[in-house]
Every structure is written in C-alpha cells, then in structure tokens.
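# Summary of structural features
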Amino acid sequence: MSAYRKSYRKGMIRVAIAYPSNSRVALQSLSIHIIRRLLNEHSNVYSDFVFMSDDGKSTTKSLRDFDIVIFSVHYELDYPRILKMMGISGINPYSSQRTVDDPLIVMGGPTLMANPEPMAPFADIVLIGDAEMLIPALINYYPDYGKNVEEYANLTGFYVPSLGKHDVTKAFVRDLSYSIKLIHDTAIELSLGNVKSIFSNPAILEVMRGCPRGCLFCMEGFVGRPVRFADINSIKGLVLRDLGKGEGLVNGVSLIGLSVTDHPGFKELMSFFSG
Ligand code: SF4
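Residues numbered from 1 in each chain as written. Predicted model: local features only at pLDDT ≥ 70, side-chain atom pairs only at ≥ 80, totals over all residues. Heavy atoms only, no water.

## Observations regarding the overall build of the protein chain
For clarity, the threshold we go by: Runs of E in the DSSP output that reach at least two residues are strands. Runs of H or I that reach at least four are helices, and both are numbered from the N terminus. In this setup the radius of gyration rests on C-alpha atoms only. A globule is expected at 2.2 Å times the number of residues raised to 0.38. With a 1.4 Å probe rolled over the protein chains alone, any residue whose accessible area is under 20% of its type maximum counts as buried; one over 50% counts as exposed, and the rest are partly exposed.
The number of helices and strands found in the protein chain is 10 helices and 10 strands. Its C-alpha atoms give the protein chain a radius of gyration of 19 Å, near enough to 19 Å, the size a compact globule of 275 residues would have. When its C-alpha atoms are laid out on the principal axes, the protein chain stretches across 60 × 40 × 35 Å. Here the protein chain holds 275 residues, and the buried ones make up 52% of them.

## Remarks on the layout of surface pockets
To find leftover empty space, one rolls a probe the size of a water molecule over the atoms. Here is the rule: Using protein atoms alone on a 1 Å grid, points that fit a 1.4 Å probe yet trap it form a cavity, whereas open point sets bounded by protein on both sides within 12 Å along at least five of seven lines form a pocket; residues with an atom within 4 Å of a point count as lining. Grid points are joined across faces, edges and corners, and a volume is the space filled by probe spheres set on the points. Residues are sorted three ways: Asp, Glu, Lys and Arg are charged, Ala, Val, Leu, Ile, Met, Phe, Trp, Tyr, Cys and Pro are nonpolar, and all the rest, Gly among them, are polar. Reported domain spans reflect what an automatic or database domain assignment gives.
Looking at the largest pocket, its volume works out to about 1100 Å³. Contributing to the lining of the largest pocket are 40 residues, with Ser 31, His 74, Pro 110, Glu 206 and Glu 220 lying nearest its centre. Counting only elements with at least two residues in the lining of the largest pocket, the list comes to α2 (30–40), β3 (68–72), α4 (110–114), α5 (131–145), α7 (177–192), β7 (204–206), β8 (208–209) and α8 (219–223). Residue composition of the lining of the largest pocket, grouped by class: 22 nonpolar, 11 polar and 7 charged. When we break the lining of the largest pocket down by domain, the ones giving at least three residues each are domain 1 (13–163) and domain 2 (177–274).

## Digging into α5
Heads up, the rule is: The bend at a residue is defined as the angle formed between two axes, one fitted to the seven residues ending at that residue and one fitted to the seven starting there.
The axis of α5 is deflected most strongly, by about 25°, at Ile 139, and proline Pro 143 appears within four residues downstream. Just downstream of α5, Gly 146 is the residue with a positive phi angle, here 55°.

## Considering the pattern of salt bridges
When the charged atoms of two side chains lie near each other, side chains of opposite charge can form a pair. Applicable threshold: We count a salt bridge whenever a side-chain nitrogen from Lys or Arg sits within 4 Å of a carboxyl oxygen from Asp or Glu.
All chains considered together, the criterion is met by 15 salt bridges. With a shortest N-O distance of 3.6 Å, Arg 24 and Asp 54 are connected by a salt bridge. Here Arg 24, found in helix α1 (residues 23–26), pairs with Asp 54, found in the loop between β2 (45–50) and β3; they are 30 residues apart in sequence, far enough to count as distant. Classification of Arg 24 as exposed rests on a relative accessible area of 54%. Here Arg 213 ties to Asp 262 by a salt bridge, and the two come within 2.6 Å at their closest N and O atoms. Taken as a pair, Arg 213 in the loop between β8 and α8 and Asp 262 in the loop between β10 (254–256) and α10 (266–274) lie far apart in primary sequence, 49 residues in all. A relative accessible area of 58% means that Arg 213 is categorised as exposed. What you see here is one network of salt bridges that share partners, running through Asp 130, Glu 132, Glu 206, Arg 209 and Arg 228.

## Side note on the site of the ligand
Note the following rule: Only a single heavy atom is needed: when it lies within 4 Å of a molecule or strand, its residue is near that molecule or strand.
The environment of the ligand is made up of Cys 211, Arg 213, Gly 214, Cys 215, Phe 217, Cys 218 and Leu 258. A breakdown of the residues in the shell around the ligand according to their chemical character gives 5 nonpolar, 1 polar and 1 charged.

## Concerning the domain arrangement of the protein chain
Bring the parts together and some accessible area is lost; that lost area is often taken as the interface size. Condition: Every residue pair with non-hydrogen atoms within 4.5 Å of one another is taken to be in contact. A 1.4 Å probe defines the accessible area here, and the buried area is the portion of it lost by two parts on being joined, summed over both.
Partitioning the protein chain into structural domains gives domain 1 (13–163) and domain 2 (177–274). Computed over C-alpha atoms only, the centres of domain 1 and domain 2 are separated by 26 Å. Taken residue by residue, the interface counts 14 residues in domain 1 and 17 residues in domain 2. Between domain 1 and domain 2, the buried area comes to about 1400 Å², and carbon and sulfur atoms account for 68% of it. Looking only at domain 1, the three residues that lose the most surface to domain 2 are Leu 30, Arg 37 and Glu 132, adding up to 38% of its buried area. Counting every contact that joins domain 1 to domain 2 gives 3 salt bridges. The salt bridge involving Arg 228 is made with Asp 130; its shortest N-O contact spans 2.7 Å. Put simply, the parts of the chain that give the side of domain 1 that touches domain 2 at least two residues each are α2 and α4. A total of 5 residues in the side of domain 1 that touches domain 2 trace back to one element, the largest contributor, which is α2. Residue composition of the side of domain 1 that touches domain 2, by class: 7 nonpolar, 3 polar and 4 charged.

Set out below in structure tokens:
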C-alpha cells in the first residue's frame, strides 16, 4: 500500500522504533509513525514498533532482534523505562558495557535536545534536530559506519556521548514544504489503517516550527528554534489536493504549531478555509 508497512527480507537493516510505554499511549504519538515512514522510505530498511506491556514487565518484541534501536523520548519520566526496556531485552543500559553484538542505541526527542546529558551514559548516539534530516542520515551512513559510533560524530546533529564533549550543530529543515506533506500524508494513512480511532481527523497541517515569542521558560520554544513558517501555497495545495476525495479525508483541518496565529499568513489562511 505504501512506504509505511513493509515485510522483512534477508539483508535489510532492522530498526526498532521503541517507545517506553504501552501501545495505547505510544500509538498516539504521531512522531513514531513519522519516524517509521521516514525509515521505510529506504528500500533496505525494515522497521517495527516495540512497546512495553501494560504491566511494564515485558516488551512487545525483543530489542535484541534489531540492528538499530531508536528511542523516541518525550518526557523525563520516560528515562527509567527506557533503561528497563533495554534490561528486559538483555541489553546492558550502559553504552560502555555493550559490544558489537548489541543493537546501536539511538535516542532523540525534545527533552534530549534540551539536555542530552542525563541519558548520555546510556545512548550510543543522541540525535539533535529534526527527524526528516537525521533519520535518513543515520540510515545512509549505517552500512559504512555500522556500530563504530565515533564515525557518526562528523554528521550534523549527531552527538556521540562516549567521545566526551564535542560541538554538535542542530540539524533542521529550512523549508517545511516536505515536512507538512510528510506529516499530513502519514496521518491520512493512519486514518485509513488500523489506528483510525486515534487519528479521526487526519487533515493535520504543521504550519510552523519554533515560536517567535521566545518565552525564556519554554522548552518547546527553545528546542524548536529557528522559527520556520510553512509556505502558505504548500498548505493550500495539500488541502485542495484532498478536497473532494471522499472517505472523509478532509472534514476539518487541524493546524499544529506552537503559536499558529503568529504565522504571517494566518489571516489569509482563515479566509482560504472559510471561502
Ligand atoms: S510556545 Fe508559548 S510559552 Fe513557548 S515561547 Fe511560544 S508563546 Fe511562549
């Protein structure tokens, strides 16, 4: 049907997208679906989700069955559960104690962008920036770099804690045109699949990243920098593309962003939607 679902073939890079909670909670995170879509766009990659059981004593699959494990991290309270997931799969949580027989442990998400150090002893790589830039880079370089983690430190947005302090430049998309289509199409695909109940209104449009207000207490505003606005014609184009397609694809539009009314084309967008 699409790049989102794919069967395993021998020789593929096996990637786990691990979320430290049960499936009901995890599947509501749009970010894990986007990571899966980004991964599966690579023909040599097989990916699957790994969640915790309801009682927190087991995982849906063993993390050891994968070459790479990507932890999608959103809350500090998830940190102990990440270590527990590794322990359940027989993986030493400390990167210094792991061997080449263990998966490459990669972590990313807003709290780690704000401060990766609490998880530095446990991650082989911490990704700093936008998934659309970082996931393809990880997959493109894995066949050459494998589990030689120091190699990845040259890549933009890759923090390798075992190397100690080193400069890391955030990897970010400058033009959101591809990103809004990626998120919108992923949500639509989910609505047509087995997670329909979660994404009942799939017309999700991410109109901006970052926030121009710059409140000093706001972590999301900080990690989302620099502020970027989606091109208004890209937004309109997606809506017009899906209008009239039936299947309830567009029965309302959700604009997402930290302060969507600050989009310089917000009034024009409102006129467009109400027109
Ligand atoms: S998202 Fe809200 S709290 Fe954060 S910087 Fe913007 S206006 Fe301030």
